[in-house]
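# Architecture and fold: a report
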Amino acid sequence: MNEHVMDAAFRPGGLDRAKQGVLGLGLDRIEGPAKVTGVADYAYEGTPDGIAYAAIVGTPVGSGRILGIDVSAAEALPGVIAIIHDDARMPAGESNSRAMPLFDTDVILHLGQPVAIVVAEDQAIARDAAALVLVRTEAGEDRFDVEAQPVDTAPEIGFLPPINNGDLDAVMADAAVTFDRTYTTPVHFPAALEPHATTAWWEGDKLTVRSSNQVIGGARKTIAKALKIDADKVRVLAPYVGGGFGGKTGVGPEAILAAIAAEVVGRPVKVALPRRQTAYMVHHRSHTTQRIRIAADEHGVILGMGHESVVAQNDDGEFLEPVPFGTLPLYRGDARRFKTDLVRVDLPASGAVRAPGEAVGTFGVECAMDELAEQLGIDPIELRRRNEPETDPVSGKPFSTRRMLDCYTQGAQRFGWPDTVPAPGSVRDGEWLVGIGMAASLRGNFTVEAQARVRLEADGRATVECDMTDIGTGTYTILAQTAGEMLGLPVAEVNVRLGDTDFPPSAGSGGSFGAGSACSAVVLACEDILGELALRMNAAPEDLSLHDGCVSAGGRSVKLADLVRGEPIVAMGKTGPGAESKRTSQASHGAHFVEVAVNAVTGETRVRRMLGVFDVGRVLNRKTATSQITGGMAWGIAYALSEEGIVDTRTGAFVNPDFGEYHVAVNADIPQLEVHFIEEIDDSANPVGAKGVGELGISGAGAAVANAIYNATGVRVRDFPVTLDKLLEGLPAV
Ligand code: MOS
């Protein structure tokens, strides 16, 4: 095992010497053909012999107690195999950010809480029968209305402790310029396109679960714990995942229930959550109320900043939306107060969704910066420049790499940001009001422990194996590029195998840490292989030159296949965080620039163009990295304009739990998006030098849209999304 944790800045020599030239190229996804031809196996696909189908029953009310469950009508339906509702293996409060089954309690936490699973000969029968299961309940007090609940100002949940540096109140009282406004964001659903689905089967005491999941190593442990069996009896498969967006970071009730059902009926069982059930059995992002306070001198130099929020969680949940996470290192100012308060509600769990913290926190802070710039009569980019910190303003740590100023400069130039931004509501194009806006983008960078195995096969090809997932992000491709780069192989000569807990444990896909962590493990494994090849070449590793399947040293050139001599060369790599990860403040950065047109008659907003420049460390694949960012921009546009989960405060139901009513961005909403990278390899981040990309694009994106809408119309909406009803009244006369 070639293990290298990040105790100091480090760049593997083999990576610098590599000559293949494939890492970073914008190559097509290697698994693309399998996906578009339907060969790629998703969780609900593939039908093991004797398969049975399941549907999950949820509580019909959102608070109170379960008195009993009557399955007689459901059981009488022809084709029903079993109805399970009294299995006590699933402990309440199983540590997880997702709604979990709670069969061993009669307390109702939220509407649609899973209470029974129906197994039948086909899916239609299972769903029919589920509708016939009668859950008798006793009403209780309810807390469906987030706004009506008492606020816990010292919650004991969440991973981000409050920060209280200096005396913000005193600084606010004395400052030449002050700003104090409150912004709100609504519930967001993760909204992955592939259903949350599982196929489960037992062979003796061994359970295999093919599940749509982002982090299968963690899933294996959670499933084992819930079923009270050893983790080595559980194998989780997720070779292809059709989007996760945070909703598949944990284990959903469908996975545990499918496993139990398969054991009870002695057959493989598959289950997929229908879209409307997904809103209840998968966590959502909490609504947020964010108070932003800024104290500045007369030049706009920030002296103090507060980002204080209230978010919601149910009695079982332990996740607290880390709203100010992206604000922490964003701007200077010694007095800093960042905290997140809690209201407990009787709603499905809130959890990590698409850049927890930054995605919504930037609505507050980046709209506030736009408002402050106007208040001061300063260009919004100039205001941000004046407040670019030299070291992390909370911890005082040095930044590993930070090219924020270059993102502003390049972005402004490429976008054509004017020297003087036109006055709000002053630019017209026929019946459209046209405006521009910008915002900074920041996403914390993490390195997570990850292992990978690389095998140089007898035929000179390479195989990469780890339990990483590819959730549509390009993992297969970047791992092939990394191994190809290190071993001097074209990408077609590298076979990548993912999504199986029998492979070495990796970081999984979450928190934008997957690519950097997994590729680093592959680099380290390849370094070991290079060492072995050097021995066989009677050369030092530094003297090897590898290209297109040939290795040369000392005037001799040999095919890799000849050097392997029939027995594969196998190596393991492992990386993880270390002292350097703690010594430095690490983040990816960027700046978004947007032009919108708002219809002066209807209030409809169309984003006309959007451009961003991003500092992400090493770019592993220009095409998939660009896709990651454009996906984030599309989320940001949708968060600004349409995404809004609405709670019926009478029942605790979501009014719009499907794609017909919950409006994610579609093609027609998204204009040409332009993405540029500033590539400075970050040797403090991880061995491959890549910082997180996946959740960077959404950070600040929505705020840039909102700021452009303000510039177009002169209407400042602080309650997101900016739907036309909130604009109409304030629009200038046509
Ligand atoms: Mo993410 S919200 O860490 O998948």
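Keep in mind it's a predicted model, so treat the numbers as computed, not measured.

Reading guide: rules and limits
- Residues numbered from 1 in each chain as written.
- Predicted model: local features only at pLDDT ≥ 70, side-chain atom pairs only at ≥ 80, totals over all residues.
- Heavy atoms only, no water.
- Pairing = 2+ DSSP bridges.
- Helix = DSSP H or I, 4+ residues; strand = E, 2+ residues; numbered from the N terminus.
- Axes fitted to C-alpha atoms, helices over the stretch in contact; angles between N-to-C directions.
- Salt bridge = Lys/Arg side-chain N within 4 Å of Asp/Glu carboxyl O.
- Buried < 20%, exposed > 50% of the residue type's maximum accessible area, 1.4 Å probe, protein only.
- Phe/Tyr/Trp six-rings, centres within 6.5 Å; stacked < 30°, edge-to-face > 60°.
- Lys NZ or Arg CZ within 6 Å of the ring centre and 35° of its normal.

### As for the sheet that holds strand E23 (residues 556–559)
The three strands lie next to each other as E21-E22-E23, forming an open sheet whose pairing is antiparallel. Bordering the open sheet on either side are strand E21 (545–547) and E23, each of which pairs with just one other strand. Shown here is a sheet whose adjacent strand axes are inclined to one another by a mean of 20 degrees, direction ignored.

### Quick look at the pattern of salt bridges
Enumeration according to the criterion identifies 49 salt bridges in this entry. Residue aspartate 180 is joined to arginine 291 by a salt bridge in which the shortest nitrogen-to-oxygen separation is 2.7 Å. With aspartate 180 in strand E8 (residues 177–185) and arginine 291 in strand E13 (residues 288–296), the pair connects residues that are 111 residues apart, well separated along the chain. Aspartate 180 gets classed as partly exposed once you look at its relative accessible area, which sits at 38%. Note that glutamate 194 is salt-bridged to lysine 248, the shortest N-O span being 3.5 Å. On the criterion of sequence distance, the pair formed by glutamate 194 in the loop between E8 and strand E9 (197–203) and lysine 248 in the loop between strand E11 (234–237) and helix H7 (253–265) is long-range, its members being 54 residues apart. The class of lysine 248 is buried, set by a relative accessible area of 0%.

### Observations regarding the packing of aromatic side chains
For the coordinates displayed, the defined rule picks out 12 aromatic pairs. Taking 5.4 Å as the distance between ring centres and 45 degrees as the angle between the ring planes, the aromatic pair formed by tyrosine 280 and phenylalanine 654 counts as tilted. Here the residue tyrosine 280 occupies a position in helix H8 (residues 275–281), and phenylalanine 654 occupies one in strand E28 (residues 653–654), the gap between them amounting to 374 residues. Given the relative accessible area of 10%, tyrosine 280 is considered buried. A residue is classified by how much of its surface remains accessible, and phenylalanine 654, at 5% relative accessible area, is buried. The rings of Phe189, Tyr280, Phe654 and Tyr662 are connected pair by pair, giving a single aromatic cluster. When the ring centre of tyrosine 710 is taken as origin, the NZ or CZ atom of arginine 716, which lies over that ring, is 4.4 Å away.

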